[in-house]
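# Survey of secondary and tertiary structure
Chain by chain, the residues:
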Amino acid sequence: MREHEIMTALPLTDEQACGLIQRLTAANPDFSAFAQQYAFLGERPLPDGQAGALSRELLDVLCESPHQAARIDALLLTPSPAQDGPTTIPPLLAAAFLMRNYLHFRRRPDGAWEPLVEHGPADSPALTGLLKRMTALVPQATAAGS
């Protein structure tokens, strides 16, 4: 079995997919600074069903990289730490962090944040779809006022 076959062979619930994204995000020491700068991405809950769909798409894109697929498989094979309460890292914030090489944010003159997608024509259809989903969710996440 190849490294990324574990993740793709397991049917994950929305909760499991979101949990994996959280664990990948929380394990990175750079996340804290990113979370402070882009806190607006976690200020509002996502519409129903979007957190799970976003997490699944993100996992699919991450598994395109053998290195990331190996990290995800290792997390799947390691028991999850006990969590207190609901998701602690908002899914859109976690996704933006994990996709920070492709999705950046710029402040507009009116103070709102604008997503900027940076990827090339060689990128996968899965990545393109994920970035479209994420940019569509950003205005919803900042609708309360930036």
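Preceding this section is the structure that the text describes.
Values in this document were obtained by computation on a predicted structure and should not be read as measured data.

## Side note on the overall build of the protein
- Scanning the protein from terminus to terminus reveals 7 helices and 2 strands.
- Accessible area for the protein stands at about 8,100 Å²; split by element, carbon and sulfur atoms hold 54% of it.

## Here we look at the packing of helix α2 (residues 14-26) against helix α4 (residues 50-62)
- At a closest axis distance of 8 Å, the pairing of α2 and α4 adopts a crossing angle of 60 degrees. On the basis of the axis angle, α2 is oblique to α4. For the element pair α2 and α4, the recorded crossing hand is left-handed. Contacts between α2 and α4 pair Asp14, Ala17, Cys18, Leu20, Ile21 and Leu24 from the former with Ala51, Gly52, Ser55, Arg56, Leu58, Leu59 and Leu62 from the latter.
- Among the residues forming the contact of α2 with α4, the class breakdown is 9 nonpolar, 2 polar and 2 charged.

## What about helix α5 (residues 66-77)?
- For α5, built from 12 residues, the straight-helix expectation of 16 Å at 1.5 Å per residue is met to within 8% by its first-to-last C-alpha distance of 16 Å.
- Inspection of α5 places Gln68, Ala69, Ile72, Asp73 and Leu75 among the buried residues, and these make up the whole buried set. Considered in projection along α5, the buried side chains sweep an arc of 160 degrees and stay on one side of the axis. Looking at α5, the residues exposed on the side facing more than 90 degrees away from the buried face are Pro66, His67 and Leu77.

## Comments concerning the environment of Ala96
- The topology assignment puts Ala96 in helix α6 (residues 91-98).
- On a C-alpha basis, the gap between Ala96 and Thr25 in space is 9.9 Å, while along the polypeptide they are 71 residues apart.
- With residues near it in sequence (within four places) discarded, Ala96 still touches Phe34, Leu41, Phe105 and Met134.

## Topic: the packing of α2 against α5
- Relative orientation of the contacting elements α2 and α5 amounts to 115 degrees, with a least axis distance of 11 Å. By the angle class used here, α2 and α5 are roughly perpendicular. Crossing of α2 against α5: the hand is right-handed. Residues Leu20, Arg23 and Leu24 of α2 touch α5, and the partners they reach there are Gln68, Arg71, Ile72, Leu75 and Leu76.
- When its residues are assigned to classes, the contact of α2 with α5 shows 5 nonpolar, 1 polar and 2 charged.

## Description of the side chain of Thr25
- Mapped onto the secondary structure, Thr25 falls in helix α2.
- If near-sequence neighbours (up to four positions away) are discounted, Thr25 is found in contact with Phe31, Ile89, Ala94, Phe97 and Leu98.

## Here we look at the pattern of salt bridges
- This model, assessed by the stated rule, comprises 4 salt bridges.
- As a salt-bridge pair, Arg133 and Glu57 come within 2.3 Å of each other at their nearest N and O atoms. Residue Arg133 is found in helix α7 (residues 125-141), and its partner Glu57 is found in helix α4; the two are separated by 76 residues along the sequence.
- Residue Arg133 is classed as partly exposed on the basis of its relative accessible area of 23%.
- Across the pair Arg108 and Asp110 runs a salt bridge whose closest N-O atoms are separated by 3.2 Å.
- Residue classification places Arg108 among the partly exposed positions, given a relative accessible area of 34%.

What counts as what
- All residue numbers refer to positions counted from 1 along the written sequence of the respective chain.
- In keeping with the predicted nature of the model, local features appear solely for residues at pLDDT of at least 70, side-chain atom pairs appear and are counted solely at 80 or more, and the whole-chain, interface and lining totals rest on all residues.
- Hydrogens and water molecules were not included; the side-chain quantities draw on all heavy atoms of the structure.
- Helix and strand definitions follow DSSP, with helices as H or I runs of at least four residues and strands as E runs of at least two, each counted in order from the N terminus.
- Using a 1.4 Å probe, the Shrake-Rupley method yields the accessible areas, and only the shown protein chains count as cover for residues.
- Convention adopted: a line fitted to C-alpha atoms gives each axis, helices being fitted over their contacting stretch, and angles between N-to-C directions are expressed from 0 to 180 degrees.
- An angle below 35 degrees is read as roughly parallel, one above 145 as roughly antiparallel, one from 65 to 115 as roughly perpendicular, and any other as oblique.
- Handedness of a helix crossing follows the sense of rotation of the near helix relative to the far helix, less than a right angle counterclockwise being left-handed and clockwise being right-handed.
- Two residues qualify as a contact provided that any one of their heavy atoms is within 4.5 Å of a heavy atom in the partner residue.
- Throughout, the ten residues Ala, Val, Leu, Ile, Met, Phe, Trp, Tyr, Cys and Pro are labelled nonpolar, Asp, Glu, Lys and Arg are labelled charged, and all others, Gly among them, are labelled polar.
- Take the number of residues in a helix, subtract one, and multiply by 1.5 Å to get its expected span.
- Whether a residue is buried, partly exposed or exposed follows from its accessible area with a 1.4 Å probe, protein chains only, as a fraction of its type maximum: under 20%, in between, or over 50%, in that order.
- What the arc describes is the spread of directions from the helix axis to the C-beta atoms.
- Definition used for salt bridges: Asp or Glu carboxyl oxygen within 4 Å of a side-chain nitrogen of Lys or Arg.

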